[in-house]
Amino acid sequence: MLTLGLYMAQRLSAMALAPLVLGHLAVMVYAIQGGLSTAEILGRTQGSIWWFLFYGSFVVAVSIHAAIGLRVIVHEVTRLRGPWLEIFTYGTGIVLLFMGARAVSAVTML
Amino acid sequence: MTGMLEVSVWRGSGEEGAYESYQVPARENQTVLDVVSWIQQSVDPSLTYRYACRVGMCGSCAMMVNGQPRWTCRTHVKRVLERGGLRVGPLRNLPVIKDLAADMDPFFDKWVKAGGVHPPSRTRYQPIQPVRPDDPGRVEANKAIECINCSVCYAACDTVTGNPDYLGPAALQRAWTLFNDAKVQDRQAILDGVSGAGGCHNCHSQGSCTRFCPNELDPLSAIAGLKRASARSFLKQRRQEC
Amino acid sequence: MSVKIDIEREDTDILILGSGGAGLFAALHAQQTAPAGTRITLAVKGLVGKCGCTRMVQGGYNVALGGGDTVERHFMDTIQGGKWLPNQDMAWRLSEQAVIRIHELENEIGCFFDRNPDGSLHQKAFAGQTADRTVHKGDLTGIEIISRLMEHVLARPIRRLQEHRAIGLVPTRDGASLAGVLFIDMRTGGFRFIRAKCVMMGTGGGPTMYKYHTPSGDKTMDGLAMALRVGLPLRDMEMVQFHPTGLLAGDHTRMTGTVLEEGLRGAGGQLLNARGERFMFDYDQRGERATRDVVSRGIYAEMRKMNDPSQIGMFISMAHLGPENVRRKFAGMVRRCADSGFDLAAGKVEVVPTAHYFMGGVVVDPDTRTAMEGLYVAGEDAGGAHGSNRLGGNGVANSTVFGGVAGDVMGMDIRGMGGLRDPDEQVLAAEIERAIRPLSRRPGHIQELRHKLQEAMWEDVGVMRTGAGLQRGQKRIAEIHAELMETGVDPSNLAFNLTWHDWLNMASLTEISDVIAKAGELRENSRGAHFREDFPEPGAMESSYFTVARQQGEDLVLAREEVQFTIVRPGETILPAGEPETLVAAQ
Amino acid sequence: MLKPHRHHPLWLAYMLHRLSGLALALFLPVHFHVLSMAITRPESLDHFLSLAANPMVKLMEFGLVFLLAVHFFGGLRLLVLEFLPWSPGQKSLAAASVAGAFLISGTFLLRAV
Ligand SMILES: Cc1cc2nc3c(=O)[nH]c(=O)nc-3n(C[C@H](O)[C@H](O)[C@H](O)COP(=O)(O)OP(=O)(O)OC[C@H]3O[C@@H](n4cnc5c(N)ncnc54)[C@H](O)[C@@H]3O)c2cc1C
Ligand code: HEM
Ligand code: SF4
Ligand code: F3S
Ligand code: FES
């Protein structure tokens, strides 16, 4: 159940995600190839404003994107609609945002 | 072709019913509609189905044939036969009235709801608007002009199944045609009409509409066009507000 | 008998039967013209806009839009095409109003018709026209017209009764006015009687009593049969138009009889007999390009000459024009044939003349009024506009023009009408009795009877007729009718019972078939679509008559009536002196 | 069994996109949770990451990256289809996205082992 606004939010967040996902994959490949340990990775990311912005925007975009995506699936599969569907959407988004924020802060802050 | 066809046909009204089997003589030139008609005329007079033009112009005769939506008056049996048999049911995604006849009202209600009615641009006392046939809008609008509102695409689309508000491919394609029609003045109204809860943005590009349209029309692309146009107008409006 | 009869009764102000060009236009115009608050109901045998023949129109819509063409020229072509039988005031109204109607279709309804490169409407010429006059949308003109009209009707507060079959016009006790219409709600099998101040009948005739026919399956002469039963006069009932090239694919398929378009012959398609020879030049110097009636008779005569039961029809062959070329130019037709298993582009396809259009109908005035107050008739149900032959492109013009006229006239007339009228309950009861007759009889094979009727009509009341044949035809029809009256339908479930409706279809078809045969016998000359081998001459134009049939008690009474040349007399023209005979460049 | 009206590439692409999106969305909270352990309980994160040497886990990781790649290319395909003036090569686009997904995840797997 998508209106134009939700649609735009989902598609724009997807567009934002595209380079971020590529970036993340690159980091992973680099990390694994280099055989970096957790501490080594964290050593590079923690305290870096750039990594904070990178993963921060990833979390924001993915929360919006996934929450709306799940909303659609839930509506079409369970026929959930009305206020409960809104609660589900915003709830999912907020939970993802919150957990994502915790992860980002863990990885990028001191 | 000789011998018998093994045909199972949905019998029942409303939600209730079951498939029943019939033996139908096979013929050289025979459409699925002929098979269904033969059953009604020769063995089971109570069988209900719908047809009118019998040449693919009215869109009354669509049914599920071996699980796929088709116009039955122009579906040659040979093309769809599976292991010597056919399974014929009422169109998906619509309420069943009886046996093979579906209630098409929801389909047409959505057609109107999607704004599928041409808003008058001039009166009958004014000259007819000149439109060049190679005008790009006209070329685009022409693509869907053969739609016979048969509901085959509507029956094929799983988004319609999951999302009862979804206007569906045919109605949205009609809106896209109007959007491109040089005679229509208020384009924005058309976009607004397809941007609500059941609007074009719910389409997942499943493409079953385009795959099954018997007239080889392409609602998938038409809907993509609506998405593109509405996204553009969305961004433009935002920019103006800023 | 276990059938319980309930009649649901309800009222409306304006009631419209049928959703072809006539019905839909009547609904829209009535809504525009009638006082606010007028209740309008549209009742139709199928789904709104999806049944009837207007949707099946391929070639297009005749309208004079300048460029040398004039309303006068359109009128003259119509009169000449109809061999001086048309009601001239109706033909004039048709030619004149088509101009407004086409503007309405484009500007208000939203139809789009094909354009010339400069953006103006494209027009072409059908056989029998002296100007490029036919407006079209590819070769699917009807889909464009009906789909657009349907949208407007669906979007308006017009009550829709779909799959409601009208079975009887019910007059008032004195028989002078119409009280309402009796229906079967096909989905439930129940009866519904609807009173209305004005009723427009646009059920579209449809000569489907012939072995080969083009119209949609829902058209079975119900309207004319109903009109006959309430005593209304029907005119030109012998005039059945055959299209020369109907697909022949066997008795067991509904594809048989469907039309292979006229343009195939126009583009150079050849008609071949079983030996592979062209034969049309034996019958007419224009060969395959002669008019519909001539080609139909040519094919029919050749079929008779061959007289080979295993090889019924003739063949249309396009391959010499280059299969690729044909495939491109006639994409729709090639695809349709391919769906039925025939290769039109490279092979040859077997064809027969096929009953296409019915010129006869209820006698009306140019305002669509009938002899019965409150009843209006438009479209193929109305007689008079075409006379003995309808020009290609005049059919849809006729239904849309007069449908609109009916809507306007009803919208005005209703202002002066009192309340709803009460029905003659005896007629109502008799109509119900008639409809449930088969339910108390032993079920039989209705399809077999239909085949018999179709054979009889094809053989004895068909393309070429004789007095003896027409009499034999009447006898056969009477026998079939009698057999039908003793054939039953299983009454256990009447909901959407197609077999019951097949029976009712047959009842209408036999009633009207009889009128066709009798009117054919009465016309002792050959005009337009009617050809008598025993009277091959057209007769003097000056003393032209048309036939009128009406039911009086048990008897069908037929008479000849003189044509009134209200606008132009035979041998004269209303075109200004010096106008060229034709504006169509010779092919 | 797949219903007959779904037997075509575009529908399959749609379902693949949906399943991958769903799986990713379900995995995401887990992923976030594991990462946030970095500050709260660093030793368990280390323990967790050391598991990564395990072939089973490798396979799962491959699956995850595969899903991401599938969804990524599927998403790009949809964005192209919806936002760019449209060309009829949709089926090849669908196929190309799956191929691309294999390519990426394959390299990932090769690099990882
Ligand atoms: C294949 C084909 C091609 C044609 N091509 C052309 C062309 O190119 N140009 C042209 O000018 N003309 C053409 N014609 C003729 C043209 O279609 C008709 O003249 C015209 O459309 C008739 O319109 P109508 O509104 O009177 O009837 P229709 O459009 O036939 O509508 C009749 C309506 O009445 C309904 N009805 C019937 N019985 C009942 C009942 N008992 N109760 C309630 N409703 C009932 C039907 O279901 C239908 O809705 C063609 C006809 C055919 C068959
Ligand atoms: C990693 C994070 C991602 C997650 C968790 C995620 C999740 C989802 C979910 C659950 C859906 C709903 C699926 C459906 O409606 O069938 C979805 C849809 C979508 N995703 Fe993603 N996605 C992610 C990344 C991306 C990326 C990177 C792109 C773009 C390149 C993208 C593009 C899309 C698009 C276009 C849709 C709409 C599909 C449709 O309407 O059918 N997604 N996503
Ligand atoms: S788009 Fe095709 S399938 Fe859909 S209603 Fe129109 S003709 Fe039928
Ligand atoms: S099948 Fe349905 S999801 Fe969209 S592309 Fe067609 S409308
Ligand atoms: S009967 Fe009209 S489309 Fe099949």
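Residues numbered from 1 in each chain as written. Chains lettered and ligands numbered in written order. Predicted model: local features only at pLDDT ≥ 70, side-chain atom pairs only at ≥ 80, totals over all residues. Heavy atoms only, no water.

Chain A is annotated in an unreviewed UniProt entry as Succinate dehydrogenase from Paracoccus siganidrum. What the UniProt record of chain A gives under Cofactor (unreviewed entry) is the line "heme". (UniProt positions renumbered as here; feature names shortened; annotations may be inferred.)

(A) Region of interest: the overall build of chain C. Looking only at helices and strands, chain C has 14 helices and 20 strands in total. Considered along the principal axes of its C-alpha atoms, chain C spans approximately 65 × 50 × 45 Å. Residues counted as buried form 66% of the 587 residues belonging to chain C. If you take every contact in chain C between residues at least 6 apart in sequence, the share linking residues at least 24 apart comes to 74%. Of the roughly 19300 Å² of accessible surface on chain C, a fraction of 49% belongs to carbon and sulfur atoms. Of note, chain C has its 65 positive side-chain charges centred 3 Å away from the centre of its 76 negative side-chain charges. (Helix = DSSP H or I, 4+ residues; strand = E, 2+ residues; numbered from the N terminus. Buried < 20%, exposed > 50% of the residue type's maximum accessible area, 1.4 Å probe, protein only. Contact = heavy atoms within 4.5 Å. Areas by Shrake-Rupley, 256 points an atom, 1.4 Å probe, with all protein chains shown as cover. Lys, Arg positive; Asp, Glu negative; His and termini not counted. Charge placed at Lys NZ, Arg CZ, Asp CG, Glu CD.)

(B) Quick look at the interface of chain D and chain B. Facing the 17 residues of chain D at the interface are 21 residues of chain B. Taken together, the two surfaces of chain D and chain B that pack against each other cover about 1600 Å², and 56% of this comes from carbon and sulfur. Contact with chain B buries area across many residues of chain D, yet His5, Tyr14 and Glu82 of chain D alone supply 35% of it, more than any other trio. Counting every contact that joins chain D to chain B gives 2 salt bridges. A salt bridge links Arg6 of chain D to Asp158 of chain B, with the nearest nitrogen and oxygen atoms 2.7 Å apart. (Buried area = accessible area lost by both parts, 1.4 Å probe. Salt bridge = Lys/Arg side-chain N within 4 Å of Asp/Glu carboxyl O.)

(C) Quick peek at the site of ligand 3. All names here are of chain B. Contacts to ligand 3 come from 13 residues, most closely from Cys147, Cys150, Cys153, Gln173 and Cys213. When atoms are counted within 2 Å of each cavity's grid points, the one that captures over half of ligand 3 is the largest cavity. Of all elements in the fold, only helix H5 (152-156) and helix H7 (169-180) reach the threshold of two or more residues within the shell around ligand 3. When grouped by side-chain class, the residues that make up the shell around ligand 3 number 9 nonpolar, 4 polar and no charged. (Near = heavy atom within 4 Å. 1 Å grid on protein atoms, 1.4 Å probe; cavity = no way out; pocket = protein on both sides within 12 Å on 5 of 7 lines; lining within 4 Å. Sits in = over half its atoms within 2 Å of the grid points. Nonpolar A, V, L, I, M, F, W, Y, C, P; charged D, E, K, R; others polar.)

(D) Structural detail: the interface of chain C and chain B. Contact residues are listed per partner, giving 72 residues for chain C and 68 residues for chain B. Taking both sides of the interface into account, the surface hidden between chain C and chain B amounts to around 5800 Å²; carbon and sulfur atoms contribute 52%. Considering only the surface of chain C that becomes buried against chain B, Lys50, Asn107 and Arg254 of chain C emerge as the three largest contributors, covering 15% of it. A salt bridge links Glu108 of chain C to Arg124 of chain B, with the nearest nitrogen and oxygen atoms 3.0 Å apart. In this structure, the connection of chain C to chain B is made through 45 residue pairs in polar contact (both at pLDDT 80 or more). Those elements that provide at least two residues to the side of chain C that touches chain B are helix H1 (21-33), helix H3 (88-109), helix H4 (141-154), helix H9 (331-339) and helix H14 (498-522) of chain C. Here the residues of the side of chain C that touches chain B are counted per class, giving 23 nonpolar, 28 polar and 21 charged. (Polar contact = N/O pair within 3.5 Å; in protein donor to acceptor, adjacent residues only side chain to side chain.)

(E) Layout of the site of ligand 2. Near ligand 2 you find 23 residues, and of these His65 of chain A, His204 of chain B together with His17, Arg18 and His71 of chain D are the closest. One chain alone does not account for the residues near ligand 2; they come from chains A, B and D. For ligand 2, an oxygen atom lies 3.3 Å from a polar atom in the side chain of Arg11 of chain A. In this structure, an oxygen atom belonging to ligand 2 sits 2.8 Å away from a side-chain N or O atom of His204 of chain B. Residue assignment for the shell around ligand 2 shows that the elements contributing at least two residues are helix H1 (4-34) and helix H3 (49-78) of chain A together with helix H1 (9-40) and helix H3 (55-83) of chain D.

(F) Representation of the confidence of the model for chain C within the structure. Considering every residue of chain C, the mean pLDDT works out to 95; 99% of them sit at 70 or more. Scoring of the predicted complex yields 0.95 for pTM and 0.94 for ipTM. (pLDDT = per-residue confidence, 0-100.)

(G) Representation of the UniProt feature "transmembrane region" (unreviewed entry) in chain A. Mapped onto this numbering, the UniProt entry gives "transmembrane region" (unreviewed entry) at residues 12-32, 52-73 and 85-104 of chain A. Annotated as 100% helix and 0% strand, the span residues 52-73 of chain A places its first and last C-alpha atoms 31 Å apart.

(H) Representation of the packing of aromatic side chains in the model. Across all of its chains, the model carries 21 aromatic pairs over all chains by this definition. Both rings, one in Phe75 of chain C and one in Trp92 of chain C, keep their centres 5.5 Å apart while their planes meet at 70 degrees; by these two values the pair is edge-to-face. Remark: Trp92 of chain C occurs in helix H3 and Phe75 of chain C occurs in helix H2 (residues 71-81); sequence separation between them is 17 residues. For the pair Phe279 of chain C and Tyr283 of chain C, a centre-to-centre distance of 6.3 Å together with 85 degrees between the ring planes defines the contact as edge-to-face. Residue classification places Phe279 of chain C among the buried residues on the basis of a relative accessible area of 1%. Three or more aromatic residues joined by ring pairs make a cluster, and in this case those are Tyr210, Tyr212, Phe242, Tyr300 and Trp458 of chain C. Across the ring face of Phe112 of chain C, the terminal group of Arg138 of chain B is positioned such that the distance to the ring centre comes to 3.3 Å. Sitting above the plane of the Tyr545 of chain C ring, Arg523 of chain C keeps its charged end 4.6 Å from the centroid. (Phe/Tyr/Trp six-rings, centres within 6.5 Å; stacked < 30°, edge-to-face > 60°. Lys NZ or Arg CZ within 6 Å of the ring centre and 35° of its normal.)

(I) Highlighting the arrangement of the chains. The structure contains 4 pairs of chains in contact, of which chains B and C account for the largest number of contacts. Considering only C-alpha positions, the minimal separation of the non-contacting chain A and chain C is 24 Å. With no contact formed, the shortest span from any C-alpha in chain C to any C-alpha in chain D equals 20 Å.

(J) Representation of the pairing of strand S5 (residues 85-89) of chain B in the model. Residues and elements named next belong to chain B. Judged by how many residues are buried, S5 sits mostly within the fold: 4 of 5 residues are covered. Inspection of the sheet shows strand S1 (residues 4-11) paired to S5 by 4 bridges, in the parallel sense. Among the inter-strand pairings, Ser8 is bridged to a residue of S5, identified as Arg87. Where strand S3 (residues 62-65) and S5 come together, 2 bridges link them in antiparallel fashion. Looking at S5, one finds that Val65 is bridged to Val88. (Pairing = 2+ DSSP bridges.)

(K) Spotlight on the sheet that holds strand S5 (residues 123-124) of chain C. One open sheet accounts for 3 strands, arranged S4-S6-S5 (chain C); its pairing is antiparallel. Each end of this open sheet is capped by a strand with a single partner; those strands are strand S4 (61-62) and S5 of chain C.

(L) Seen up close, the environment of Asp103 of chain B. If you trace the backbone, Asp103 of chain B turns up in the loop between strand S7 (101-102) and helix H3 (105-113). The buried category is assigned to Asp103 of chain B, whose relative accessible area is 18%. Along the sequence, Asp103 of chain B and Cys200 of chain B sit 97 residues apart, while their C-alpha atoms lie 23 Å from each other. The residues contacting Asp103 of chain B, other than those within four sequence positions of it, are Leu94, Pro95 and Ile97 of chain B together with Arg187 of chain C. Here the side chain of Asp103 of chain B touches Asp105 of chain B through a polar contact of 3.0 Å, landing on its backbone nitrogen.

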